[in-house]
Amino acid sequence: MDGPVVEVSHLRKTYGDKVAVDDVSFSVRPGEIFGILGPNGAGKTTAVETIAGMRRADGGTTRVLGHDTQRDPGAVRDRLGIQLQEATLHDRITVGEAVRLFAAFYPRPADPDDLLALLDLTEHADKQFRNLSGGQKQRLSIALALVGNPEVAILDELTTGLDPQARRSTWDLVDRVRATGVTILLVTHFMDEAERLCDRLVVIDAGRVVAEGTPRGLIDGLQADRTVVVRFAEGTAAPARAVLDRLTETHPDVHGVAPGSDGEVAVTGSRRVLFAVMPALAEADLVPDDIRTVTRTLEDVFLAVTGRTYAEQDDEDEPALATEGDRS
Amino acid sequence: MTATATARRRPTGTSGWRGFGRLLQTEFLVWFRDLASPFFGVVFPTVVLVGVGFLIPGMRDPIQGAPPGSVWYQVTPIATYVPTILAMAVGTAALTVMPVTLATYREKGVLRRLSTTPMRPQGIVAAHLVINAVTTSVGVVLALVVAAVAFDVPAPTQPAVLVLAFVLGLAVMLSLGMVVAALAPRASAANGIAMSVYFPMLLLAGVWTPGPAMPDLIQEIGQFSPLGAASQALSAGWFDDGFPTLQVVVMVVWTALLLPLAVRLFRWS
């Protein structure tokens with residue numbers, strides 16, 4: 001299909017006085033990995049569960065594959081795969097049984113054996129759910145989201161609780177899944193995950209979209225200062241510092257100089273700050289031991305749009321288990 | 001059930017029951033692996049029957065003082081206990097096994113997970129009704145075979161009434177178990193609620209005072225309770241000549257009240 005695969009317009013969802021989703025709009029194109037990024041409690045899970053038709057919205061519209069999921073959530077169940085954050089399975093069901101069971105619910109399921117192979121679960125096919133590691137459970141959960149050969153898959157916090165190794169292999173897996181043509185709606189609170197995987201994304205904070213675009217575009221669009229860090233050997237640190245200090249007064253592209261540890265100096269300024277620093281050092285013949293530009297990330301984007309740093313937001317859970325208004 | 005439901009739902013575009021056979025099969029497998037369920041669902045009635053029959057003195061000797069012409073004439077106490085065992089089997093599966101299973105599924109998000117697939121979560125409830133009905137029947141047949149072989153229990157006087165009483169008893173107790181499963185937010189709560197219903201029910205069903213040993217008061221109250229009515233109707237089908245009209249009506253009315261209540265109250269998450 002050519003139109004948007006997922007289309008959300010002014011979505012709003014409240015629980016009593018608590019506004020979980022205030023106003024969220026975005027649309028997802030076929031074949032892309034679209035991210036919903038935000039801190040814990042921002043309303044991401046509530047938003048996607050409402051989009052999937054599992055919860056009733058208080059306002060706005062949600063369309064998946066052209067169907068209104070508020071009015072007719074059953075219409076897309078054959079074509080939408082969902083990996084839920086908290087769902088588990090019976091302790092004693094095996095990996096193979098679970099995949100075959102879920103495959104039986106769909107009209108054109110994927111081959112269970114192929115899927116187990118894709119998710120590196122073949123050797124664990126006879127293992128019971130209670131004996132799986134966190135990473136294996138997560139991969140099984142993804143397998144169950146994909147077993148119906150969905151056109152759209154919603155993956156909610158799929159690497160939470162995984163070790164770095166398992167996270168990276170899960171990212172590779174998501175790439176492999178997308179290569180099969182599945183459109184992916186990825187919910188995450190990890191900046192690096194969104195940056196690594198998403199073609200486009202929305203940043204959600206307190207139930208509202210605060211930024212939207214490609215990860216690169218969002219970062220490049222930052223108006224904030226860039227930073228160059230220069231490190232000098234012991235003898236040259238002091239004269240270099242003097243040169244750079246003078247630069248902040250004389251050069252329009254250099255805005256500030258801050259000493260760091262171990263002879264490091266951080267110079268901030270406009271996009272052209274590096275061009276200002278290098279000729280000045282060259283002229284004084286001060287050769288730095290090391291020079292690096294500080295990479296800007298989506299964390300800087302979050303800081304710029306919310307005025308808060310992203311790290312260590314409150315870990316309050318979203319009201320994901322609230323029962324009111326749920327569809328049966 | 002599968003076929004008719006599929007046919008009825010197909011026009012709306014959501015099949016709803018596709019894969020029910022696989023669901024039933026898988027649920028049965030994991031039900032069986034969880035050793036407590038097959039024990040209480042299948043073996044427990046026989047264990048109680050054999051225990052009572054062999055460990056309590058005099059259970060296998062004909063009842064003293066039953067006049068000729070009484071339904072209890074020449075009957076052994078263990079024989080009078082058999083209908084009670086059947087009632088207990090029905091109550092045990094419906095109240096100890098099923099509500100805890102379903103409440104655990106709700107607590108762990110299994111029902112919610114299922115609701116995102118084309119399979120309706122009702123499918124898992126239906127699967128467990130089938131599993132418990134079938135395994136309870138198997139457990140009852142096992143108990144009956146043991147009763148016939150070990151205790152020489154006489155054949156029932158009205159087999160059709162016996163079967164009817166068993167089926168209605170199963171229906172009313174599974175409905176009650178569904179209400180418990182619907183009300184309990186968690187598995188532990190399901191167990192607590194079920195037990196507080198289960199033991200009074202067993203009392204009214206005559207587990208401690210079977211057949212002729214039952215005091216009039218318990219019998220009077222018991223005939224209006226789901227499991228008491230089941231027990232008395234089963235006993236009537238085994239030893240009596242008359243039709244247990246009151247007990248049958250009581251079971252039908254309770255089912256008609258409890259089943260819709262369970263459906264109304266049931267939450268998927």
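Residues numbered from 1 in each chain as written. Chains lettered and ligands numbered in written order. Predicted model: local features only at pLDDT ≥ 70, side-chain atom pairs only at ≥ 80, totals over all residues. Heavy atoms only, no water.

- Under an unreviewed UniProt entry, the name given to chain B is Transport permease protein, and the source organism is Isoptericola sediminis.
- Its UniProt record, at the heading Sequence similarities (unreviewed entry), says of chain B: "Belongs to the ABC-2 integral membrane protein family." (UniProt positions renumbered as here; feature names shortened; annotations may be inferred.)

- Per an unreviewed UniProt entry, chain A carries the name ABC transporter ATP-binding protein and comes from Isoptericola sediminis.
- You can read under Subcellular location (unreviewed entry) in the UniProt record for chain A the words "Cell membrane".

1. Some points on unusual backbone geometry
Stage number 1. With a phi close to 50°, E157 of chain A is a non-glycine residue in the positive phi region.
Stage number 2. Looking at where E157 of chain A falls in the secondary structure, it is placed in the loop between β7 (152-156) and α5 (164-179).
Stage number 3. Classification of E157 of chain A as buried rests on a relative accessible area of 6%.
Stage number 4. Positive phi, normally seen in glycine, also occurs at D152 of chain B, with a value near 55°.
Stage number 5. Its place among the elements puts D152 of chain B in the loop between α6 (122-151) and α7 (159-183). (Helix = DSSP H or I, 4+ residues; strand = E, 2+ residues; numbered from the N terminus. Buried < 20%, exposed > 50% of the residue type's maximum accessible area, 1.4 Å probe, protein only.)

2. What about the interface of chain A and chain B?
Stage number 1. With 35 residues of chain A at the contact, the number on the chain B side is 27 residues.
Stage number 2. Carbon and sulfur atoms supply 56% of the area that chain A and chain B bury against each other, a total of about 2,800 Å² over both sides.
Stage number 3. Our enumeration of links across chain A and chain B arrives at 5 salt bridges.
Stage number 4. As a salt-bridge pair, R33 of chain B and E97 of chain A come within 2.5 Å of each other at their nearest N and O atoms.
Stage number 5. Here chain A and chain B share 9 residue pairs in polar contact (both at pLDDT 80 or more) between them.
Stage number 6. For the side of chain A that touches chain B, the elements supplying multiple residues, two or more each, are β6 (80-83), α2 (95-103) and α4 (134-146) of chain A. (Contact = heavy atoms within 4.5 Å. Buried area = accessible area lost by both parts, 1.4 Å probe. Salt bridge = Lys/Arg side-chain N within 4 Å of Asp/Glu carboxyl O. Polar contact = N/O pair within 3.5 Å; in protein donor to acceptor, adjacent residues only side chain to side chain.)

3. Remarks on the pairing of β6 of chain A
Residues and elements named next belong to chain A.
Stage number 1. What you see with β6 is no split at all: L80 and I82 on one side and G81 and Q83 on the other are buried throughout.
Stage number 2. The pairing of β6 with β7 spans 4 bridges and is parallel. Bridge pairing in β7 links Q83 to L155. (Pairing = 2+ DSSP bridges.)

4. A closer look at the side chain of R113 of chain B
Stage number 1. Secondary-structure assignment places R113 of chain B in helix α5 (residues 110-115).
Stage number 2. A polar contact is formed between the side chain of R113 of chain B and the backbone oxygen of I82 of chain A, at a distance of 3.0 Å.
Stage number 3. When near neighbours in sequence (up to four residues on either side) are disregarded, R113 of chain B contacts I82, L84, A87, F102, L144 and A145 of chain A.

5. What about a nonpolar patch on the surface?
Stage number 1. Taken together, the side chains of F39, F40, V43 and V47 of chain B define a hydrophobic patch exposed on the protein surface, amounting to about 290 Å² of accessible area.
Stage number 2. With respect to the helices and strands, F40 of chain B occurs in helix α3 (residues 36-55). (Patch = residues over 30% accessible without salt bridge, like charges linked within 9 Å, V, L, I, M, F, W, Y side chains within 5 Å. Areas by Shrake-Rupley, 256 points an atom, 1.4 Å probe, with all protein chains shown as cover.)

6. What about the packing of helix α8 (residues 234-250) of chain A against helix α9 (residues 273-283) of chain A?
All names here are of chain A.
Stage number 1. Packing of α8 against α9 leaves a shortest axis separation of 10 Å and a crossing angle of 135°. Taken together, α8 and α9 sit at an angle that is classed as oblique. By crossing handedness, the relation of α8 to α9 is classed as right-handed. Every residue of α9 that contacts α8 at V243, L244 and L247 is listed here: A276, V277, A280 and L281.
Stage number 2. The class makeup of the residues in the contact of α8 with α9 is 7 nonpolar, no polar and no charged. (Axes fitted to C-alpha atoms, helices over the stretch in contact; angles between N-to-C directions. Parallel < 35°, antiparallel > 145°, perpendicular 65-115°, else oblique. Left-handed = near helix turned anticlockwise from the far one by under 90°. Nonpolar A, V, L, I, M, F, W, Y, C, P; charged D, E, K, R; others polar.)

7. Here we look at the nonpolar core
Stage number 1. Ranked by size, the top nonpolar core spans 123 residues in total, and within it L140 and L298 of chain A together with M173 and F266 of chain B carry the most contacts.
Stage number 2. Element by element, the count of residues in this core is highest for helix α4 (residues 77-107) of chain B, at 15 residues.
Stage number 3. Residues within four places of L298 of chain A in sequence aside, it is in contact with L37, M191, A194, E195, L201, P215, L218 and I219 of chain A.
Stage number 4. V28, A42, I82 and V202 of chain A belong to the second largest nonpolar core, which has 31 residues in total. (Core = buried A, V, L, I, M, F, W, Y, C linked by side-chain atoms within 4.5 Å.)

8. Concerning the UniProt feature "domain: ABC transmembrane type-2" (unreviewed entry) in chain B
Stage number 1. Here the UniProt-annotated "domain: ABC transmembrane type-2" (unreviewed entry) positions come out as residues 36-269 of chain B.
Stage number 2. Here residues 36-269 of chain B runs as 74% helix and 0% strand, with 25 Å between its end C-alpha atoms.

9. Some thoughts on the packing of α6 of chain B against α7 of chain B
Describing two packed helices takes the angle between their axes plus the distance from one axis to the other.
Residue and element names in this part refer to chain B.
Stage number 1. Viewed as axis vectors pointing N to C, α6 and α7 meet at an angle of 135°, and their least axial separation amounts to 11 Å. With respect to α7, the element α6 is oriented oblique. Crossing handedness for the pair α6 and α7: right-handed. Each of V125, L129, N132, A133, T136, S137 and V140 in α6 lies in contact with α7, whose residues at this interface are F166, L170, L174 and M178.
Stage number 2. Grouping the amino acids of the contact of α6 with α7 by side-chain chemistry returns 8 nonpolar, 3 polar and no charged.

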